[in-house]
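Structure at a glance
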Amino acid sequence: MSDEALAHAATRQTLTATTFVEIVDTLVSDFDVIEVLTVLTSRCVELLDSAAAGILLADEEGHLRVIGASTEQVQLLELFQIQNDQGPCLDCYHTGVVVAQADLRATSPWPEFAAESVAAGFPSVCAVPLRLKSVILGCLNLFMSEAVELSEADLALAQALADVASIAMIQDQASRDAAIREGHLQHALTSRIAIEQAKGMIAERGRVDMNEAFARLRAFARNNNRGLTEVAQALVDGSLTVDLVAPRRSSPPPPRP
Amino acid sequence: MTADRSNRLAIAFARETARSATARLCTACVEVLDVDGAGITIMGGDQAGPICVSDAKVAALEDLQYTIGQGPCRDAFRSGLSVHAPRLDADMWARWPSFVQLAHSSHIAAVFAYPLLVAGANVGVLTLYQHAEGELTAAQRDDSEALAGVLAETVLSLQDDAPAGTLGAGLEEAVQYRAEIYQASGMVAIQLRISAEEALLRMRAHAFSHDQSVAEVASLIVARRLRLAGDDHTIDPPMEVEE
């Protein structure tokens with residue numbers, strides 16, 4: 001290997017390692033899907049022999065959406081695929097395997113897309129799935145400025161980068177969901193406890209038993225068109241005075257303003 | 001069978017069991033982990049409530065931890081890490097004096113607490129009790145960790161179907177069990193013109209200094225047979241004088 005080639009290989013190795021660290025980093029710090037995917041597209045362009053890269057992700061209904069692209073042109077080519085329902089990314093998303101065409105000027109399964117891509121200066125394309133096990137999240141589209149085939153090594157690297165990004169996205173979704181569910185549980189626990197505390201407050205002020213206290217709490221909530229939990233919370237945090245819900249025994253009703 | 005699948009099936013079975021007979025969850029933990037006692041407590045913020053205990057001794061130990069606000073359960077929840085106390089010796093006594101004292105008189109020699117964690121969410125603690133000193137085996141530790149994960153997802157999935165602000169079927173016990181304590185704290189809050197949170201602290205202090213459980217103190221307060229003194233340690237004036 002020439003000195004130049006060695007230097008190039010060393011730089012590439014460093015950049016590859018840096019990219020992985022960069023993506024893995026997002027797993028532990030504040031996570032932003034768009035940021036991870038932007039890093040993914042720009043590093044793909046630097047590391048691989050591709051001129052541009054774009055990413056499509058499926059939404060909840062399974063429709064692909066353009067998420068990021070290294071250039072404006074690529075963004076349009078990605079949109080073109082979705083609008084015309086044809087192109088390497090769609091095939092890749094549906095099959096879950098790499099879809100590549102080294103020369104779009106030859107016969108292409110996607111004639112309209114091929115014409116657009118060649119016109120934009122990208123005669124060669126490759127689509128790599130973003131997947132975790134059997135779940136396919138979307139795909140990474142690589143655009144080449146010459147009619148070349150990506151090497152095995154390049155493809156393996158592209159797939160590895162896509163895999164790390166996929167894990168990041170799945171993990172992020174799982175922890176986001178879990179945090180929301182944990183919040184629901186905490187809210188329910190606090191709300192239920194507040195109702196018991198409020199019953200105690202009403203029972204004490206109104207000199208009634210717990211059953212009657214609960215009846216008064218419910219009646220007050222209903223008469224004022226407020227939720228039971230909300231009224232209980234308001235009593236506990238002091239924003240609602242207990243005298244309004246349970247007038248003191250033997251004291252006259254409050255005068256009307 | 002993949003780990004994912006067996007996990008999913010375990011959660012489904014645990015959830016359905018919890019819906020109809022929550023107590024069985026603890027019995028199952030004791031059986032599969034081969035330990036002498038188990039308790040499952042759900043926790044959120046500063047609130048905690050047991051959804052099941054395997055026996056009365058475990059119940060008393062879990063109650064004590066709630067009364068004094070310290071113990072392996074709380075430590076595991078706060079840190080998100082499992083707590084291992086294979087010997088309740090002087091070191092452990094220094095860490096949780098009251099807990100170790102009651103454990104000794106209940107013939108509990110070792111305790112282990114596992115936080116209920118799933119995808120970064122922490123929803124409670126599984127506490128295991130042993131009559132004999134000694135570490136859990138590696139298999140018991142692995143199983144306990146796996147079981148804590150299953151229970152975490154079980155708790156969250158029980159809550160998934162519940163309307164906002166209400167606890168899911170099988171979780172209601174966590175509040176029901178201590179309902180009287182919360183009611184009493186509401187009464188004390190009015191009596192002493194303090195927050196319910198502070199009222200609970202006063203009840204805890206009273207229970208501790210009178211060698212009672214918070215539940216016993218709460219029961220007396222709700223029955224209006226006990227009134228806690230205010231800040232100046234004199235008996236609070238009765239309601240009639242106030243009016």
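Residues numbered from 1 in each chain as written. Chains lettered and ligands numbered in written order. Predicted model: local features only at pLDDT ≥ 70, side-chain atom pairs only at ≥ 80, totals over all residues. Heavy atoms only, no water.

**What about the overall build of chain B?**
Per the secondary structure count, chain B includes 12 helices and five strands. Taking 243 residues into account, the globule formula puts the C-alpha radius of gyration at 18 Å, and chain B, at 19 Å, falls close to it. Its C-alpha atoms give chain B principal-axis dimensions of roughly 70 × 45 × 25 Å. Burial analysis of chain B (243 residues in total) assigns 52% to the buried set. Across chain B, the fraction of contacts at a sequence separation of at least 24, relative to all contacts at a separation of at least 6, is 60%. Summed over its atoms, the accessible surface of chain B is roughly 11,100 Å², and 54% of this surface lies on carbon and sulfur atoms. For chain B, the distance from the average site of its 18 positive side-chain charges to the average site of its 33 negative ones is 2 Å. (Helix = DSSP H or I, 4+ residues; strand = E, 2+ residues; numbered from the N terminus. Rg over C-alpha atoms; globule rule 2.2 N^0.38 Å. Buried < 20%, exposed > 50% of the residue type's maximum accessible area, 1.4 Å probe, protein only. Contact = heavy atoms within 4.5 Å. Areas by Shrake-Rupley, 256 points an atom, 1.4 Å probe, with all protein chains shown as cover. Lys, Arg positive; Asp, Glu negative; His and termini not counted. Charge placed at Lys NZ, Arg CZ, Asp CG, Glu CD.)

**Observations regarding the interface of chain A and chain B**
At the interface, 33 residues of chain A touch 41 residues of chain B. Of the roughly 3,200 Å² buried between chain A and chain B, counting both surfaces, carbon and sulfur atoms make up 59%. The largest share of the area that chain A buries against chain B comes from R181, L185 and E204 of chain A, three residues that together contribute 22% of it. E172 of chain B is the partner of R192 of chain A in a salt bridge, and the nearest nitrogen-oxygen pair spans 2.6 Å. Counting across the chain A and chain B interface gives 10 residue pairs in polar contact (both at pLDDT 80 or more). Of all elements in the fold, only α6 (152-206) and α8 (228-237) of chain A reach the threshold of two or more residues within the side of chain A that touches chain B. Broken down by element, the side of chain A that touches chain B gets its largest block of residues, 23 residues, from α6 of chain A. A breakdown of the residues in the side of chain A that touches chain B according to their chemical character gives 12 nonpolar, 10 polar and 11 charged. (Buried area = accessible area lost by both parts, 1.4 Å probe. Salt bridge = Lys/Arg side-chain N within 4 Å of Asp/Glu carboxyl O. Polar contact = N/O pair within 3.5 Å; in protein donor to acceptor, adjacent residues only side chain to side chain. Nonpolar A, V, L, I, M, F, W, Y, C, P; charged D, E, K, R; others polar.)

**Comments concerning the sheet that holds strand β2 (residues 47-53) of chain B**
Residue and element names in this part refer to chain B. Strand order in the open sheet formed by five strands is β2-β1-β5-β4-β3, and the pairing between neighbours is antiparallel. Each edge of the open sheet is held by one strand with a lone partner, namely β2 and β3 (83-85). For this sheet, the mean angle separating the axes of adjacent strands, direction not counted, is 20°. In the sheet, strand β4 (residues 110-118) pairs with strand β5 (residues 121-130) via eight bridges, with the strands oriented antiparallel. From the neighbouring strand, F112 faces β5, where its bridge partner is L128. (Pairing = 2+ DSSP bridges. Axes fitted to C-alpha atoms, helices over the stretch in contact; angles between N-to-C directions.)

**A few points about the confidence of the model for chain B**
All names here are of chain B. Averaged over every residue, the pLDDT of chain B is 87; the share at 70 or more is 93%. Within chain B, the lowest mean pLDDT, 39, falls on helix α12 (residues 239-242), and the highest, 96, falls on β3. In the model, residues 232-243 has pLDDT below 50 throughout and makes 16 contacts with residues more than four positions away in sequence or in other chains. (pLDDT = per-residue confidence, 0-100.)

**A few points about the domain arrangement of chain B**
All names here are of chain B. When its domains are assigned, chain B resolves into domain 1 (3-167) and domain 2 (178-242). The distance between the C-alpha centroids of domain 1 and domain 2 comes to 29 Å. Here domain 1 packs against domain 2, burying approximately 810 Å² in sum over the two surfaces, 47% of which is carbon and sulfur. Of all residues in domain 1, D63, Y66 and T67 give up the largest surface area on contact with domain 2, accounting jointly for 63% of the area buried on that side. Counting the contacts that link domain 1 with domain 2 gives one salt bridge. As a salt-bridge pair, D63 and R178 come within 3.3 Å of each other at their nearest N and O atoms. (Domains from an automatic or database assignment.)

**Looking at the state of the cysteines**
Evaluation of the coordinates by the stated rule reveals two disulfides over all chains. Shown here is the disulfide that connects C89 of chain A with C139 of chain A, its sulfur atoms set 1.9 Å apart. Of this pair, C89 of chain A sits in helix α4 (residues 88-95) while C139 of chain A sits in strand β5 (residues 135-144); the two residues are 50 residues apart in sequence, bridging distant segments of the chain. Both residues of the pair, C89 of chain A and C139 of chain A, belong to the buried class. Two residues, C26 of chain B and C52 of chain B, share a disulfide whose sulfurs are 2.4 Å apart. (Disulfide = S-S within 2.5 Å.)

**A closer look at unusual backbone geometry**
Residue and element names in this part refer to chain A. One non-glycine residue, R207, lies in positive phi territory at about 55°. Take R207: it is sitting in the loop between α6 and α7 (210-223). For N225, which is not glycine, the phi torsion reads 55° and is therefore positive. Mapped onto the elements, N225 comes out in the loop between α7 and α8.

**Quick look at the packing of α6 of chain A against helix α9 (residues 179-192) of chain B**
Running from N to C, α6 of chain A and α9 of chain B cross one another at 45°; their axes reach a closest spacing of 7 Å. Put simply, α6 of chain A runs oblique to α9 of chain B. Judged by the sense of rotation from one axis to the other, the crossing of α6 of chain A with α9 of chain B is right-handed. Contacts between α6 of chain A and α9 of chain B pair I193, E196, Q197, K199, G200, M201, E204 and R205 of chain A from the former with A179, Y182, Q183, S185, G186, M187, I190 and Q191 of chain B from the latter. Its residues assigned to classes, the contact of α6 of chain A with α9 of chain B comprises six nonpolar, six polar and four charged. (Parallel < 35°, antiparallel > 145°, perpendicular 65-115°, else oblique. Left-handed = near helix turned anticlockwise from the far one by under 90°.)

**A look at the domain arrangement of chain A**
The domain boundaries assigned to chain A delineate domain 1 (3-178) and domain 2 (181-245). The distance between the C-alpha centroids of domain 1 of chain A and domain 2 of chain A comes to 54 Å.

**A short note on the packing of aromatic side chains**
Here the structure, examined in full by the defined rule, presents three aromatic pairs over all chains. Ring geometry for W110 of chain A against F113 of chain A: centres 6.2 Å apart, planes inclined by 80°, an arrangement best described as edge-to-face. Residue W110 of chain A shares its accessibility class with F113 of chain A, and that shared class is buried. Both rings, one in W96 of chain B and one in F99 of chain B, keep their centres 5.8 Å apart while their planes meet at 85°; by these two values the pair is edge-to-face. With respect to burial, W96 of chain B and F99 of chain B carry one shared label: buried. Seen from the ring of Y66 of chain B, R178 of chain B lies directly overhead, with NZ or CZ sitting 3.8 Å from the centre. (Phe/Tyr/Trp six-rings, centres within 6.5 Å; stacked < 30°, edge-to-face > 60°. Lys NZ or Arg CZ within 6 Å of the ring centre and 35° of its normal.)

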